[in-house]
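Architecture at a glance
Chain by chain, the residues run as shown.
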Amino acid sequence: MTAEIRPSALVVDDEPDIRELLDLTLARMGVDACTAATLAEAKRLLAQRPFQFCLTDMRLPDGDGIDLVRHIQRHHPTLPTAVITAHGSMPTAIEALKAGAFDFVTKPVELQVLRELVYTALRVSAQAAPSGNGSSQPELLGTSPAMQAVRATITKLARSQAPVYISGASGTGKELAARLIHAQGPRAEASFVPVNCGAIPTELMESELFGHKKGSFTGAVSDKEGLFQAANGGTLFLDEVADLPLHMQVKLLRAIQEKAVRPVGAQQEIHVDVRILSATHKDLAALVQEGRFREDLYYRINVIELHLPSLRERPGDIPALVEHMLQNLATTWNCPLPRLEPEALQALQVYAFPGNVRELENILERSMTLCEGDTIRAADLRLPSASQQAPAAASQPDTPAAAPQPLDPLLDAIEKETILKALEQTRYNKTAAAKLLGISFRVLRYRLQKLGLD
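My aim in this report is to walk through the structure given alongside it, one point at a time. (Residues numbered from 1 in each chain as written. Predicted model: local features only at pLDDT ≥ 70, side-chain atom pairs only at ≥ 80, totals over all residues. Heavy atoms only, no water.)

The helix and strand tally for the protein chain stands at 20 helices and 18 strands. Across the 454 residues of the protein chain, 47% fall into the buried class. Taking as baseline every contact in the protein chain between residues at least 6 positions apart, the subset at least 24 positions apart corresponds to 71%. Here the protein chain displays about 21,900 Å² of accessible surface, and carbon together with sulfur accounts for 51% of that area. Put simply, the protein chain has 47 plus and 54 minus side-chain charges, and the middle of one group is 3 Å from the middle of the other. (Helix = DSSP H or I, 4+ residues; strand = E, 2+ residues; numbered from the N terminus. Buried < 20%, exposed > 50% of the residue type's maximum accessible area, 1.4 Å probe, protein only. Contact = heavy atoms within 4.5 Å. Areas by Shrake-Rupley, 256 points an atom, 1.4 Å probe, with all protein chains shown as cover. Lys, Arg positive; Asp, Glu negative; His and termini not counted. Charge placed at Lys NZ, Arg CZ, Asp CG, Glu CD.)

As structure tokens, this is what we get:
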């Protein structure tokens, strides 16, 4: 029989009792530990043999854990490294994460937390080798240098457990980036739970995030699991995190730091293991200066920032985006793939796109509905004139001032009017109206439903 090959870990701590305790604990988890008492000894062992992960204390006789993290990042970049920090030393933990540590654990080390960290580290280590499980991942399209840099950063961020703050204007694909970080990381098999913080009523926010016990308030007819519990073992994506009220920011900070939540009406906290990703189109640093967002929470969720460029910063990506979106729409609507005239593509490439990729998708969707036959012309795009674009183009690209999109309701109104005229002309015979509009019956039905006309 072939002996089972057990994973191995490098444990670095100058206290013999802690080294022995971690050695025994890891052995019970099926992991062989190799221990070192100094930074120099750890470097020597790393040069001699491979490890699946490294766990190091912050305080070492000849340096500190961050020195080891940086050394590993330079010489063993695929080796996940976690640091052990003193209780309450959050700035040190954040510094370690920024240096490249994939996670941290605080003293005294809790067995459950250590077990989760080890299993996550082993999954990170296993993913260092190429695998064929990424075919169903979402895509961030574009070959521009900006998007190549974004994709490369996402690959690095996926291996870490550090909180990531995704910034960028509305419609740039922040949730898609968050899903990619989750899909490429060790938590990919667990849940990805997106939360729009601006869409939850203030009075229900605590219950939605942390859950509640039966009878804890009027209407609480049964126990309810919160979104933190739903994301346990996976990723919680806090979209529009800037919209959290201040009292909830305090509770969120505690949940992140303690890795535990207390459901409304409960007496005890519940341990949760989630990775936090957050995003907003607002200037979070400015909100901190204005006192509308807590500085301590800002630094806790913004350990690493990923910025998504606006579409007008990468016009060369528009042809590939257009082709991909039209193909998806044609498949969804079960209709022929439309052809975009060169003048129409040129018009898209010079348009400012205040709504970014999301606006491009909306424009193409409407154009497919309103165009004649299978050809989309420049006029079918219904883009505003240059004078109408000027205010948006002159404003700051990624500030809330650029977010309003008056084009959407305008095009909705035009589309509704066009469809209603066709229905009236055909005495509300939808098949005849679709033919008159030059679209399939399925496309007409889809548009009627989306516009609230069915």
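Back to the write-up after that little detour.
The subject of this paragraph is the side chain of His-281. Within the secondary structure layout, His-281 lies in the loop between β15 (275-280) and α11 (284-289). Side-chain polar atoms of His-281 contact the side chain of Glu-240, separated by 3.2 Å. (Polar contact = N/O pair within 3.5 Å; in protein donor to acceptor, adjacent residues only side chain to side chain.)

Below, the discussion takes up the packing of aromatic side chains. This model, assessed by the stated rule, comprises four aromatic pairs. Here the aromatic rings of Phe-192 and Phe-237 are separated by 6.1 Å at their centres, their planes lie at 25 degrees, and the arrangement is stacked. A residue pair is termed long-range when its members are at least 10 positions apart, and Phe-192 in strand β9 (residues 192-196) and Phe-237 in strand β12 (residues 235-239) qualify at 45 residues. Of the two residues, Phe-192 and Phe-237, neither departs from the other in class, the shared state being buried. (Phe/Tyr/Trp six-rings, centres within 6.5 Å; stacked < 30°, edge-to-face > 60°.)

The pairing of strand β1 (residues 8-12) with strand β2 (residues 32-36) spans five bridges and is parallel. Among the inter-strand pairings, Leu-10 is bridged to a residue of β2, identified as Cys-34. (Pairing = 2+ DSSP bridges.)

Look at helix α15 (residues 356-370) against helix α20 (residues 441-450): their axes get within 10 Å of each other, and the N-to-C directions meet at 130 degrees. Relative to α20, the element α15 is oriented oblique. For the element pair α15 and α20, the recorded crossing hand is left-handed. Here α15 contributes Glu-365, Arg-366 and Thr-369 to the contact with α20, which in turn contributes Val-443, Tyr-446, Arg-447 and Lys-450. (Axes fitted to C-alpha atoms, helices over the stretch in contact; angles between N-to-C directions. Parallel < 35°, antiparallel > 145°, perpendicular 65-115°, else oblique. Left-handed = near helix turned anticlockwise from the far one by under 90°.)

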